[in-house]
Each structure stands twice: as C-alpha cells, then as structure tokens.
Amino acid sequence: QVQLVESGGGLVQPGGSLRLSCAASGSIFSINTMGWYRQTPGKQRELVATITKGGSTNYVDSVKGRFTISRDNAKNTVYLQMSSLKPEDTAVYYCNLRLQKSPIVRPYDLWGQGTQVTVSS
C-alpha cells in the first residue's frame with residue numbers, strides 16, 4: 001500500500017511564503033508526473049502546478065512567477081514553494097502522484113489528504 005504524507009500548510013500574511021511537501025512511501029516501481037491542486041468551497045479542484053519525471057514544469061497563470069514546483073526522486077517527494085502569497089491563494093492544497101507499483105500494471109493517481117493554506121491579515 002502506497003501512502004502520501006502532505007505537510008506545510010498554515011496561516012500566512014499576504015506577501016508571505018510557505019513550502020508544501022508531499023512524500024510517498026511503500027512499494028513503488030515508478031513515479032511519473034507529480035502535481036499540486038487546490039480547492040475552495042463551491043469551486044472545482046484547480047490544477048496549480050505539475051512536474052514530470054524529467055523535470056518539465058507547468059503552472060496555472062495565476063501563480064506563475066510566485067510558485068515553484070520541484071521534486072526529489074530519491075525521496076519520492078514533491079514540493080511547492082509559494083511566495084508573494086495572496087488572499088486568493090487560500091485553499092486546501094492536494095498533491096497528486098501518477099505512479100506504478102510494478103512494471104506490469106497500469107499507472108494510477110494517488111492523492112494526498114490535503115493541507116489548508118490560509119492567506120489573511
């Protein structure tokens with residue numbers, strides 16, 4: 001059984017910074033794309049950033065220049081460094097990993113439990 005442990009959320013003032021972490025443990029053959037999503041009440045879950053196994057990144061326009069996604073393959077961990085935070089960044093943030101447990105099974109998505117990020121004065 002593969003488990004994800006997500007951490008780093010909290011309360012921060014506008015203009016502040018937070019770093020989210022998401023670590024996978026268990027039997028894993030391969031992890032392809034890693035990503036971060038966020039969700040607020042009444043809204044659809046929004047893709048924030050993704051990073052491929054080779055290190056290619058993509059960001060939603062609203063966070064470009066402020067957020068940085070990275071990964072440590074040796075630790076099976078993905079990070080989201082968030083800077084210049086705005087109140088509209090307030091949401092529950094979820095990590096997502098596309099992984100395989102063995103070479104003979106299809107990849108599947110695994111989600112973290114979510115961590116609350118609140119940006120407020």
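Before reading further, recall that the structure is shown in the block above.
Every value quoted in this text rests on a predicted model; they were computed, and no experiment measured them. (Residues numbered from 1 in each chain as written. Predicted model: local features only at pLDDT ≥ 70, side-chain atom pairs only at ≥ 80, totals over all residues. Heavy atoms only, no water.)

**Student:** What's the story with the packing of aromatic side chains in this structure? I'm lost.
**Tutor:** Scanning the entire structure with this criterion turns up 1 aromatic pair. Over the aromatic face of Y94 sits the side chain of R45, whose NZ or CZ is 3.9 Å from the ring centroid. Sitting above the plane of the W111 ring, R45 keeps its charged end 4.8 Å from the centroid. (Phe/Tyr/Trp six-rings, centres within 6.5 Å; stacked < 30°, edge-to-face > 60°. Lys NZ or Arg CZ within 6 Å of the ring centre and 35° of its normal.)

**Student:** What is the right way to read unusual backbone geometry from this model?
**Tutor:** Keep in mind that most residues, glycine aside, have a negative phi and that most peptide bonds are trans. Despite not being glycine, N76 shows a phi value in the positive range, around 50°. If you trace the backbone, N76 turns up in the loop between β7 (67-72) and β8 (77-82). The class of N76 is partly exposed, set by a relative accessible area of 23%. (Helix = DSSP H or I, 4+ residues; strand = E, 2+ residues; numbered from the N terminus. Buried < 20%, exposed > 50% of the residue type's maximum accessible area, 1.4 Å probe, protein only.)

**Student:** I would appreciate a short explanation of the nonpolar core in the present structure.
**Tutor:** Among soluble globular proteins, nonpolar side chains are generally buried collectively. With 28 residues, the main nonpolar core has W36, F67, V78, L80, M82, Y93 and L97 as its most contacted residues. Contributing elements (two or more residues each) for this core: β3 (18-25), β4 (30-39), β5 (46-51), β7, β8, β9 (91-100) and β11 (115-119). Ranked by the residues each element gives to this core, the list is headed by β9, at 5 residues. Other than its neighbours up to four places away in sequence, L97 contacts L4, C22, A24, I31, T33, M34, V78, Y108, D109 and L110. (Core = buried A, V, L, I, M, F, W, Y, C linked by side-chain atoms within 4.5 Å. Contact = heavy atoms within 4.5 Å.)

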